Amino acid sequence: MIKIEGLNIRLLEFNLLNIKLEIGENEFFILMGPTGAGKTVLLEAIAGLVPIKSGKIIIDKKDITRLPPERRGISIVYQDYALFPHLTVQDNITYGLHFHRTDKTKAKKDLSRLIEELNLSHLLRRLPTNLSGGEKQRVALARALMVEPRVLLLDEPISALDPSFREEVRNGLKRAHQSSDITFFMVTHDFAEALSLADRAAVMNDGSIEQVGTMEDIFQKPRSTFVADFVGMKNLFAAQYKGTKAIIDNVAIELGRKLTNTHGYIAIRPEDIVISRKSLTSSMRNSFRGKVTGVLDQGFSYEVHVQVGQISFKSLITKRSLVELDIHEGSEVVLSCKSTAIHNF
Amino acid sequence: MKVREPFFWIIISCGAVIMAFILLPLIEMMTAPSLAMLMETIKDKDVVRSIWLSVYTAGSAALISFVLGTPLAYLLARTNFMGKRLVEGIVDLPIAIPHPVVGIAILSVAGKNHWLGQALSELGVRIMGSVAGIIVVLTFVGLPFYLNAVKNGFESISPRLEKVSRSLGAPMFSTFLRITFPLAWRSMLIGLIMCCARAISEFGAVVIVAYHPMIAPVMIYERFEAFGLKYSQPVAVWLVFISLILFLLLRILTVRKKQVA
């Protein structure tokens, strides 16, 4: 669907180096990375809004590298909404129709569907200044979807919002993705957001792509120290939910809470997993026996890899614990973890 | 009661001096001529003609600035290029040059000894002592005021609005017409007014290029020289009065347009 080949961009203050990406039809793809990594520049390059030095951007097998932005069929939604302040909400949403030959009855139908899907009916006559952040972002989303783009680019659409508005925009995104065949390409630095929306992601740093892969791959098999540091949450597993338990392969983890969906991801920070030689008598609900498969020196602490059944947990312990517990490759240990330290997505 | 520090009184006194300094001479001049004298002056065909000429040439200068200056202002607001500072400096140059020098500089390219002057005279355009010459001079001195006001206006509009518009299918020109212009017209209007105000007050450069036809400031000067203060005052009052009315009218008209839209 989207194919980026050897893309190089040189701006006054910034460079993108040899970017390669492939994104499938109707995929929800996430681009992560620290501030200043070049995420927005890459988005704008795909949209044709920044000059490209070399490389190719191909959409649907068509080279669009030299096409002006208005002929690419790619919409963009910015973190700061970028609503046209002199136009009402309705005029904002229908702005793109001036430049597309759309059948009037179809346009009307699309408009009312979007208005309903994004819950905007009460706002249509208002000007953007009078809207809340969440409302503004929903309008921006409707405006971008109204022209039926092939690709929707989203530049941290949720990060600027108050936590209370995040959910509504996230749900709006999810619905929009499910009810269309548009390819979504979103920049975010929020892992929860990434995990709840997307299947595949790329991590970017300092103008180049560090890693591309499934969410699980990026969290569990970081290919560079940068990605490993960046994602932090090293224990990430796809799981089936049964009652208050999450089942990963044949290991059942007690969550202490009931989840509404049947499957998803669970994640545990390595420092939240306690290693001991014998079973602990504590309030910790989860306790597993396993075998140490690796010990990695990380300066002030050690990362210990423990195999439990089919899955490998990573735990962080101090040097003192390592010595006191006499842990080395092959040791039989017990892992314990509070159910509140287990995050689910 | 709050005790004011001496510093507070220093600030107040300085402010009061400045207000008096600006307002006192103006009020004195505006109230000096009697009503009968003002009426008599406005019946003078020469006075009406020169005030009209002033308004008309200043308006033309503003219009030319609008047509030629808007694209450059947009370019300066939106792009970064080598030598941008230099271009900005050149734009500001007419503000810094002494007015008679402006007149002399323009005459030196418009004269018979310069290829541009020769080309113009072959086309039948005369700069020296003509309305065209006055408009050229006024555009020269007024342009920076228009350009800077509009450049600031463009800079205050987020480039992302234009980017979104492009991505929604609008070509560059439509984007300018539908997004940038509606958001910038207010600063364009301010630019036009500033340019007009600057142009209508120009004397030094005009008097060198075109003593005749006589714009209002030149006529005021002439009457002062020939007949004295008393005879130049009524013309000055009318010029100020008419300029103020015109600017006020422009503002009212455009504010109303905005409410309709």
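Presented here is a report on the structure given in the accompanying data block. (Residues numbered from 1 in each chain as written. Chains lettered and ligands numbered in written order. Predicted model: local features only at pLDDT ≥ 70, side-chain atom pairs only at ≥ 80, totals over all residues. Heavy atoms only, no water.)

1. So, the pairing of strand S12 (residues 245–248) of chain A
All names here are of chain A.
- Residues Ala246 and Ile248 point to one face of S12 and are all buried, whereas Lys245 and Ile247, pointing to the other face, are not buried.
- Inspection of the sheet shows strand S11 (residues 235–242) paired to S12 by three bridges, in the antiparallel sense. Across the sheet, the residue bridging to Tyr241 is Ala246, located in S12.
- Two successive antiparallel strands, S11 and S12, enclose a turn made up of two residues, where Gly243 displays a positive phi of approximately 60 degrees. (Buried < 20%, exposed > 50% of the residue type's maximum accessible area, 1.4 Å probe, protein only. Helix = DSSP H or I, 4+ residues; strand = E, 2+ residues; numbered from the N terminus. Pairing = 2+ DSSP bridges.)

2. Overview of empty space enclosed by the protein
Residue and element names in this part refer to chain A.
- In this structure the tally under the stated criterion is one cavity of 30 Å³ or more.
- A volume near 60 Å³ is recorded for the largest cavity.
- What lines the largest cavity is simply Ile253, Ile268, Ile273, Asn286, Phe288, Phe313, Leu335, Ser336, Cys337 and Ile342.
- Among the elements of the structure, strand S16 (286–297) and strand S19 (332–337) are those that each provide at least two residues to the lining of the largest cavity. (1 Å grid on protein atoms, 1.4 Å probe; cavity = no way out; pocket = protein on both sides within 12 Å on 5 of 7 lines; lining within 4 Å. Points joined across faces, edges and corners; volume = space filled by probe spheres on them.)

3. Structural notes on the packing of helix H8 (residues 159–167) of chain B against helix H9 (residues 172–200) of chain B
All names here are of chain B.
- One way to put it is that H8 packs onto H9 with a least axis distance of 9 Å and a crossing angle of 145 degrees. Crossing of H8 over H9 shows right-handed handedness. The segment H8 lies against H9, with Leu161, Glu162, Ser165 and Arg166 engaging Met172, Thr175, Ile179, Thr180 and Leu183.
- A breakdown of the residues in the contact of H8 with H9 according to their chemical character gives four nonpolar, three polar and two charged. (Axes fitted to C-alpha atoms, helices over the stretch in contact; angles between N-to-C directions. Left-handed = near helix turned anticlockwise from the far one by under 90°. Contact = heavy atoms within 4.5 Å. Nonpolar A, V, L, I, M, F, W, Y, C, P; charged D, E, K, R; others polar.)

4. With respect to helix H1 (residues 6–31) of chain B
- Between its terminal C-alpha atoms H1(B) stretches 36 Å, which fits the 38 Å expected from 26 residues at 1.5 Å a residue.
- Leu23(B) marks the point of greatest bend in H1(B), at about 30 degrees, and the proline Pro25(B) comes within the next four residues. (Expected span 1.5 Å × (residues − 1). Bend = angle between axes of the 7 residues up to and from the residue.)

5. As for the packing of aromatic side chains
- Applying the stated criterion across every chain, the model contains 16 aromatic pairs over all chains.
- Both rings, one in Phe237(A) and one in Phe313(A), keep their centres 5.3 Å apart while their planes meet at 70 degrees; by these two values the pair is edge-to-face. With Phe237(A) in strand S11 and Phe313(A) in strand S18 (residues 311–318), the pair connects residues that are 76 residues apart, well separated along the chain. In this structure, Phe237(A) and Phe313(A) share a single accessibility class: buried.
- Ring centres 6.4 Å apart and planes at 75 degrees place the aromatic pair Phe66(B) and Tyr146(B) in the edge-to-face group. Of this pair, Phe66(B) sits in helix H3 (residues 45–78) while Tyr146(B) sits in helix H7 (residues 131–155), and the two are 80 residues apart along the sequence.
- For Phe66(B), a relative accessible area of 30% translates into the label partly exposed.
- Judged by its relative accessible area of 0%, Tyr146(B) is buried.
- Ring pairs connect the aromatic residues Phe84(A), Tyr95(A) and Phe99(A), which therefore count as one cluster.
- When the ring centre of Phe84(A) is taken as origin, the NZ or CZ atom of Arg143(A), which lies over that ring, is 4.5 Å away. (Phe/Tyr/Trp six-rings, centres within 6.5 Å; stacked < 30°, edge-to-face > 60°. Lys NZ or Arg CZ within 6 Å of the ring centre and 35° of its normal.)

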